[in-house]
Amino acid sequence: MKFRQLISLLVSVFLVLSLLPVTAMSNFEDDLIEVEAAPEDVSIGTKGPTKEINYIDTSIEGKADFIALFTPEFASEILVKKFWVAVQINERNEVVRVVSPSNNGAVPIWEDEQYIRVPDGGYVLLAHDDSWASKDFRKFLATNFKVGDVIKLRKNGEVIPVTALMKGDGLQAGVILANELMYTVTEQTTQLVGSIRNFEEGEQYRLEVNGEEISISEDGSFRYDYSLSKGTNYIDVAIFKNGNEHDVQSLIVYYKEETMEEKEVFLWVEQGPNARRFQTSESIYNMLVEAKDAGVTAVALDVKGVEGFASYKKNDLTNRPYVSEMTAESRAGSNPDLDLLEEFIKHSHSLGLTVHAAMNVFAEGSIAHNEFGVLNDHLDWEEQIYRHEDGGEIKRLRDSHYGKNGALVAFVNPANPEVRDYQLKSFEEVIKNYDVDGVLLDRGRYDNYFADFSDISRQQFEQFLAAQGKQLNNWPHDIFTYQGSTRVDGPLINEWYTYRSSVIKTFTEEVRDLVDEYNVRENRDVQLSAYVGSWYESYYLNGVNWASPNFVYNERLEFPQDSIYTDEYYETGYTDNLDFLMIGTYQRTANEVKKYITLGNIMTNGEIPLYAGMALVSVQDPPVQREVFQAGLQNTNGLMLFDYSQANFPVIKASINDVEYVKDYFLGISDPRNNEAVIEGDFFNVNRNDNNLNVYSEAFGPSTGTNIWGVEAVVDATGKVVKMVNQQQAKNWSWVNVQDNNSIIPEGGFVISALDGSGIRTKRQLVANAYDVGDEVRAAILTGLLNYDGKEVTSKQLDFNGKVQVVGPGNAEVWVNGEKAVLASNGDFTATISLEEGANEVEVIVLVDGWKTHHISLTITRVNVAEVIETAKELVEQYVVHPKGIQTALVQHLSRAEKHFEQSERFYAEGKVKQAEKANDNAIKALEQFRKMLEQHAGKHINEEHVEEIMRLFEGFFS
């Protein structure tokens, strides 16, 4: 900031402060404000548990992990969201209500979202965090406060009344914004919309946006078009009451100029869950054809998984073992004779797709699956970790308590020269031996804050410090130590974070040099990219700075460790070594995904292409998936879909094309327990996800490719259940000794596969309880019914058509309203149904070898044609006055339709069905002519709104 600007800012701040009354307390940043619960046992002591209050009479929108206090100056009532905890305290400091209390320390029975009143003279405490197990904001209020308790407030240790935390000048005005607090736009203006909280008549208000006064409506609302600069815009909206500033809300808006370039959509193919699914070259090609049809333009193939095995066979520089050498039950079975990378490149290029080879760079083993491709031959590479469970001792990961009790992936030390050289050779043998379009760094980072504390890291850190004129005196306590399980940062913590990020930065430089060398020497255009998690505010714990070196921290971002952001740390940003970056916007709500897309844009300064990663498992709901996909496509350079094992291509296609997804088939399965009941499946031959009950035939592939936490019933070509997977685990809800779900799909048979979200039992227990080995089971797919459900028709009889496809063995019958439909050999069926005027329920039943697979009801409405046509005539005569000839012609079309409908009714009554159908067709033709004439004159002789009103009368009349 320039000197003159700084002086101007300081003067402005001084003037504002001078306007505040001397009794007002604008903030408590230098004070420790605590709430003290009632003592647990007054016979032991009079002091109860205490906890710091993080916010006082401040909007907590967009904030996390806090206890907030609200007085009557802030609002008369406070919104308590579900999964939050609130305590209501009266003027005598007595607890009068607890929202979502804990019973003996257990997780609360969470109450629904509600408003809670702020008592006169009292206050409300509100707590939020995202983990009952590991954080204690909600837990503190839920476990330590009960109705009738007398509690205390403390300021710097001294007991104070709540009035000491109040400004003393009545209701505090506040800014309520309808905008998200962080978002991206592709237009140069954004409209700020909101209202003033506690807006009172007779008071004087001034609303400013970045210092410029804007108007407030009489009801306290406001709308303002704010002009944006390219890139990151920090916008402060401040409200003043009677000359005093009461509240400031900050927005962060990223303006990204929209480009006409085609958006890329990457499909990530993770090695572990997918490699064994591709047993033939044809299976790879078929998948890629389906992916391309859905909108995928590129593939990120995981060629080195966390286990340390390769998905390519030309490994002349590393001798890394091929993926087929894995032996874990849920990983074994890949085809040893199929070079996955080579096949993906061949077929992708033939289809116009690009292939980027992804490397799990510093992961060299899976503790979860006990698979270690090369790590056991290089134990000195394994990360040395420093965690509280080991009593302050530094240990090799798998020797540590964490390594034996919770760690999933074994990392190596990124600072070890041998490790770096081996990883570089892995990249080189892929570039050298394969026609890849790019190489991609995944897990190009440290494991977490507790690694690496090896002698190599210590020596390098000392050299790093010496270059800055600093010294390491107490290893590792100068970095951090532990008080119990709590990490306490030491004096060199920020230097440690910067050192580790510099280690990763220099590695990306080495990969960049390698890629450039091959590109120049062989006239190629291999791209270098990286995948990282989008949660940059905590990613420093993983020892990597994926931001642009030109990023500058702003306090409005509210990152938890803002002291990190020094000139030295900025220099460790590595995006200048990449051609593009993928960030995992793996949040579960659309607003959170949009927020982290914006954060990605901010961190990269728009300097390189950015792709928004979508965790398909988290956005299965088609409307949500469509919304987040479109946010990524509009506000970044495209999408990365993680991963193929969770891909439902029909839903993906609709989401990319921004259209509503409608499943056009009904999947039905017989229930051996009750032949009058059926079990409805979700998807046929689609990758299984949470809360799915799917059916797989051999057309899907050799096996289901599912994970270990589901339940599967394997049905052979005779229709008998021959295997149940995880049946007892689901029935007893004891998920130990789980079985591999990658069931072989029998030739001519099928597999029923179910998975719920974590802790949910619904579909897994349904399959586990419905089927047993030896049961007879049938399945079928029914299509065509969506053409009729909710349809309006005019005739007394209707030809009802559809299609049934048997999955596995068996012969089908279709019954419509109790009559057997005519069924062709290809599964097409037809039935004639009679319709009464008004709503008619149509019942469709499918039997396969006598086993019921479908029982579906739908509604078809037969309209009163005479009334509709009469209303249409009245509207035409009302709306089409001039020229008179158009009105006359329109009425004549309606009269002809009316005449033919009357003939159709008479023929039906006489039993002359063919003549009735012909007359009905002539009536529809007359209405078609009426419609065409209306559309021809719309906006000219007939108001377009009037045309729409008339045509709404005939919805459902036309096919």
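Residues numbered from 1 in each chain as written. Predicted model: local features only at pLDDT ≥ 70, side-chain atom pairs only at ≥ 80, totals over all residues. Heavy atoms only, no water.

1. As for the pairing of strand S21 (residues 298-304)
What counts, and what does not: Exposed residues in this analysis have more than 50% of their type's maximum accessible area, buried residues have under 20%, and partly exposed residues fall in between, with area computed by a 1.4 Å probe over protein chains only. Only runs of H or I of at least four residues qualify as helices and only runs of E of at least two qualify as strands under DSSP, and these elements are numbered from the N terminus. Any two strands between which DSSP finds at least two bridges are classified as paired. Looking down the strands as they point away from you, a crossover is right-handed if its path from the first strand over the helix to the second goes clockwise.
Most of S21 sits out of view: 7 of its 7 residues are buried. In terms of strand pairing, strand S20 (residues 264-269) meets S21 through 4 bridges, oriented parallel. Following the sheet pairing, Trp268 is matched in S21 by Ala300. Direction of pairing for S21 relative to strand S22 (residues 354-360): parallel, over a ladder of 6 bridges. Bridge pairing links Asp302 to Ala358 in S22. Crossover handedness for the path S21 to helix H5 (residues 340-350) to S22: right-handed.

2. Describing the packing of helix H4 (residues 281-294) against H5
Condition: Axes here mean lines fitted to C-alpha atoms, for a helix over just the part in contact, with angles spanning 0 to 180 degrees between N-to-C directions. Roughly parallel refers to an angle under 35 degrees, roughly antiparallel to one over 145, roughly perpendicular to one between 65 and 115, and oblique to any angle outside these ranges. In this scheme, a crossing is called left-handed if the near helix is turned counterclockwise away from the far one by less than a right angle; it is called right-handed if the turn is clockwise. Pairs of residues are marked as contacts when any of their non-hydrogen atoms sit within 4.5 Å.
Where H4 contacts H5, the two axes come as close as 9 Å, and the packing angle between them is 45°. It follows from the interaxial angle that H4 and H5 lie oblique. Between H4 and H5 the crossing geometry is right-handed. Residues Ser281, Ile284, Tyr285, Met287 and Leu288 of H4 form the contact with H5, whose participating residues are Leu340, Glu343, Phe344, Lys346, His347, Ser348 and Ser350.

3. Concerning the sheet that holds strand S12 (residues 174-177)
Overall, antiparallel pairing links the 3 strands, which are arranged S12-S14-S17 in an open sheet. Each having just a single partner strand, S12 and strand S17 (221-227) make up the two edges of the open sheet. When strand polarity is set aside, the average angle formed by the axes of neighbouring strands in this sheet is 35°. In the sheet, S12 pairs with strand S14 (residues 189-197) via 4 bridges, with the strands oriented antiparallel.

4. Topic: the nonpolar core
This is how it is decided: Throughout, nonpolar core names a set of buried Ala, Val, Leu, Ile, Met, Phe, Trp, Tyr and Cys residues whose side chains join them through atoms within 4.5 Å.
Grouped together as the largest cluster of nonpolar side chains are 134 residues, with contacts concentrated most on Met287, Leu341, Phe461 and Phe551. With 11 residues, helix H9 (residues 493-522) is the single largest residue contributor to this core. Beyond its immediate chain neighbours, meaning those up to four positions away, Leu341 contacts Leu301, Val303, Ser311, Tyr312, Val355, Val430, Tyr434 and Val436. Core analysis: the next-biggest nonpolar cluster, separate from the first, contains 30 residues, Ile669, Phe750, Ile752 and Val767 among them.

5. Some remarks on H9
Rule in force here: Residue count minus one, scaled by 1.5 Å, sets the expected span of a helix.
Taking 1.5 Å per residue, 30 residues should reach 44 Å; H9 reaches 44 Å between its end C-alpha atoms and fits that length. Along H9, 21 of the 30 residues are buried, which leaves the element largely enclosed by surrounding structure. Of the residues trailing H9, Asn523 is marked for its positive phi of about 55°.

6. Considerations on the pairing of strand S7 (residues 95-99)
Both strand S6 (residues 85-89) and S7 contribute to a ladder of 4 bridges, which runs antiparallel. Looking at the pairing, Ile89 lines up with Val95 of S7. Once S6 ends, the chain turns through 5 residues before running back antiparallel as S7, passing Asn93 with a positive phi of about 65°.

7. Considering the packing of aromatic side chains
What counts here: The criterion for an aromatic pair is that two Phe, Tyr or Trp rings (for Trp, the six-membered ring) have centres within 6.5 Å, with stacked assigned to planes under 30 degrees apart, edge-to-face to planes over 60 apart and tilted to the rest.
Going through the model one piece at a time under the given rule, you end up with 52 aromatic pairs. Seen in terms of ring centroids, Trp268 and Tyr531 are 6.0 Å apart; in terms of plane orientation they differ by 70°. Their pairing is edge-to-face. With Trp268 in strand S20 and Tyr531 in strand S30 (residues 527-533), this pair connects stretches of sequence that are 263 residues apart. Both residues of the pair, Trp268 and Tyr531, count as buried. Arranged with centres 6.2 Å apart and planes meeting at 65°, the rings of Trp535 and Tyr539 form a pair that is edge-to-face. For Tyr539, a relative accessible area of 6% gives the class buried. Among the aromatic residues, ring-to-ring pairing joins Tyr386, Tyr402, Tyr449, Phe450, Phe453, Phe461, Phe464, Trp475, Phe480, Tyr482, Trp496 and Tyr499 into one connected group.

8. A short note on the environment of Leu177
Within the fold, Leu177 resides in strand S12. Separated by 116 residues in sequence, Leu177 and Glu61 place their C-alpha atoms 9.5 Å apart. Once you skip the residues sitting within four places of it in the chain, Leu177 turns out to touch Val193, Gly194, Phe222, Val237, Gln249 and Leu251.

9. Some words on the confidence of the model for the protein chain
The predicted coordinates should not be examined in detail at positions where pLDDT is low. What counts is decided by this rule: The pLDDT value expresses, per residue, how confident the predictor is, ranging between 0 and 100.
Scored by pLDDT, the protein chain comes out at a mean of 92, with 96% of its residues at no less than 70. Predicted confidence is poor over residues 1-26, with pLDDT under 50, and the contacts of this stretch with residues over four places away or in other chains come to 13 contacts.

10. Overview of the sheet that holds strand S37 (residues 692-697)
Read across the sheet, 5 strands follow the order S36-S37-S40-S38-S39 without closing on themselves; strand pairing throughout is mixed. With one partner strand each, in any of the chains shown, strand S36 (683-684) and strand S39 (721-725) form the two edges of the open sheet. Looking at chain direction, S36 and S37 are connected through 2 bridges and run parallel. Across the sheet, the residue bridging to Phe683 is Asn694, located in S37.

11. Regarding the pattern of salt bridges
Under the convention used in this document: Just to be clear on terms, a salt bridge is a Lys or Arg side-chain nitrogen sitting within 4 Å of an Asp or Glu carboxyl oxygen.
Counted under the stated rule, the structure contains 52 salt bridges. Among the ionic pairs, Arg487 bridges to Asp489, the shortest N-O distance being 3.2 Å. Overall, Arg487 belongs to the partly exposed group, its relative accessible area being 25%. Linking Glu676 and Lys852 is a salt bridge whose minimum nitrogen-to-oxygen distance equals 3.2 Å.

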